[in-house]
Amino acid sequence: MRLLVNIDHVATLRNVRAARYPDPVQAAVLCELAGADGIVFHLREDRRHITERDVRLLREVVVGKLDFEMAPTEEMVRICLETRPQLATLVPERRQELTTEGGLDVQGQARQLEPIVKRLQDAGIEVSLFVDPDLVQIEWARAIGATTIELHTGDYANARTESEREHELILLREAAQLAHELGLRVHAGHGLDYWNFSAFKRTVPHVEEVSIGHAIIARAVLVGLDRAVRDMLALVRG
Ligand code: PXP
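Everything numeric in this text was worked out from a predicted model, so none of it was measured.

Enquirer: Give me the overall build of the protein chain: which residues, what numbers.
Expert: Counting secondary structure elements, the protein chain contains eleven helices and eight strands. Rg of the C-alpha trace for the protein chain: 18 Å, near the compact-globule value of 18 Å for 238 residues, within the 12% margin. Seen through its C-alpha atoms, the protein chain measures out along the principal axes to roughly 65 × 45 × 35 Å. For the protein chain, the residues scored as buried account for 45% of the 238 residues in total. For the protein chain, restricting intrachain contacts to residue pairs at least 6 apart in sequence, the fraction spanning at least 24 positions comes to 66%. Of the roughly 12,600 Å² of accessible surface on the protein chain, 54% is carried by carbon and sulfur atoms.

Structure representation (structure tokens):
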């Protein structure tokens with residue numbers, strides 16, 4: 001299984017102060033040096049975290065797989081075609097949401113999505129559709145020509161009781177099984193963390209790649225805090 005690290009939160013932290021740091025591009029380099037198989041970013045319509053400057057630089061410096069998460073809009077297709085990442089993951093996007101809140105309605109939006117999938121694929125970009133573990137959506141993903149799906153693991157991550165968690169794992173397992181039988185590659189992500197990952201990995205088959213952001217960046221803040229305080233103390237007291 002491959003790990004791609006989403007570095008959007010680093011850009012969020014930079015942008016709250018309109019500062020130059022922390023730089024998501026530097027974070028991407030460190031993630032790859034630590035062994036990550038690639039980097040994910042989501043260029044949103046409102047540019048709340050990643051900017052076009054970041055996209056250009058990430059394209060230049062990322063050595064592993066680059067996953068361009070994007071809404072299926074004309075503007076994003078244009079930028080994605082200019083960027084030429086190895087992977088484009090299409091996600092629904094709503095302005096008011098804090099983060100992506102669910103999978104695409106592939107069935108309902110098939111006519112809009114199909115030509116976008118084709119244009120990106122014709123440029124040599126693998127296209128993945130972010131979907132809930134819903135068998136109908138997965139069949140539609142195959143029907144409109146996607147080669148890959150990313151299973152939305154958010155409901156699993158947010159489950160409050162053991163029985164809810166088990167229920168979500170069963171849905172994810174059946175969805176992954178069907179996708180595999182249809183010849184689709186299976187990715188997964190959203191809300192996967194240091195506590196819920198093992199059960200997910202044990203239970204859900206055929207997952208080739210996971211996209212994880214919040215848990216890793218949040219842990220980095222804490223495990224890196226000791227060193228950051230010591231470095232400042234050396235200046236203050238030195
Ligand atoms: N996959 C998709 C499609 C996402 O939208 C996100 C969040 O940006 C992730 C994976 C990563 O989720 P998290 O930050 O919770 O690990």
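Enquirer: Run through unusual backbone geometry, naming residues and quoting values.
Expert: Between Tyr-21 and the following residue, Pro-22, the backbone shows a cis peptide bond with an omega angle of 0°. Although it is not a glycine, Arg-47 sits at a positive phi angle of roughly 55°. The topology assignment puts Arg-47 in the loop between β2 (38-42) and α3 (52-61). One non-glycine residue with positive phi stands out, namely His-206, at about 70°.

Enquirer: Please provide a residue-by-residue account of the pattern of salt bridges, values included.
Expert: Per the counting criterion, the structure on display carries 17 salt bridges. Between Arg-119 and Glu-74 there is a salt bridge, with its nearest N and O atoms 2.9 Å apart. Of this pair, Arg-119 sits in helix α5 (residues 110-122) while Glu-74 sits in helix α4 (residues 74-83), placing them 45 residues apart in sequence. Across the pair Asp-231 and Arg-227 runs a salt bridge whose closest N-O atoms are separated by 3.1 Å. Taken together, the residues span about one helical turn, with Asp-231 and Arg-227 both in helix α11 (residues 225-237) at a distance of four residues.

Enquirer: An account of the layout of surface pockets is requested, with residue identities and associated values reported.
Expert: Estimates place the volume of the largest pocket at around 840 Å³. In this structure, the largest pocket is lined by 28 residues; those nearest its centre are Val-10, Leu-13, Pro-22, Ile-217 and Ala-220. Looking at the lining of the largest pocket, the elements with two or more residues in it are β1 (2-6), α1 (8-15), α2 (24-33) and α10 (214-223). Considering every element that reaches the lining of the largest pocket, the biggest residue donor is α10, with seven residues. Among the residues forming the lining of the largest pocket, the class breakdown is 19 nonpolar, six polar and three charged. Computed from the structure, the second largest pocket encloses a volume of approximately 670 Å³. Residue lining of the second largest pocket: 30 residues in total, with His-9, Thr-99, His-190, Gly-213 and His-214 positioned closest to the centre.

Enquirer: Could you give me a rundown of the site of the ligand, with the residues and numbers involved?
Expert: Around the ligand, a shell composed of 14 residues is seen, among which Glu-69, Glu-150, Gly-191, Gly-213 and His-214 lie nearest. Taking Glu-69, its side chain carries an N or O atom lying 2.7 Å from an oxygen atom of the ligand. One of the backbone N or O atoms of Gly-213 is found 2.7 Å from an oxygen atom in the ligand. In isolation the ligand exposes 390 Å². Once the protein is present, 93% of that is buried. One can see that the ligand is located within the second largest pocket. Looking at the shell around the ligand, its residues break down into three nonpolar, nine polar and two charged.

Rules used throughout
Residues numbered from 1 in each chain as written. Predicted model: local features only at pLDDT ≥ 70, side-chain atom pairs only at ≥ 80, totals over all residues. Heavy atoms only, no water. Helix = DSSP H or I, 4+ residues; strand = E, 2+ residues; numbered from the N terminus. Rg over C-alpha atoms; globule rule 2.2 N^0.38 Å. Buried < 20%, exposed > 50% of the residue type's maximum accessible area, 1.4 Å probe, protein only. Contact = heavy atoms within 4.5 Å. Areas by Shrake-Rupley, 256 points an atom, 1.4 Å probe, with all protein chains shown as cover. Salt bridge = Lys/Arg side-chain N within 4 Å of Asp/Glu carboxyl O. 1 Å grid on protein atoms, 1.4 Å probe; cavity = no way out; pocket = protein on both sides within 12 Å on 5 of 7 lines; lining within 4 Å. Points joined across faces, edges and corners; volume = space filled by probe spheres on them. Nonpolar A, V, L, I, M, F, W, Y, C, P; charged D, E, K, R; others polar. Near = heavy atom within 4 Å. Polar contact = N/O pair within 3.5 Å; in protein donor to acceptor, adjacent residues only side chain to side chain. Sits in = over half its atoms within 2 Å of the grid points.

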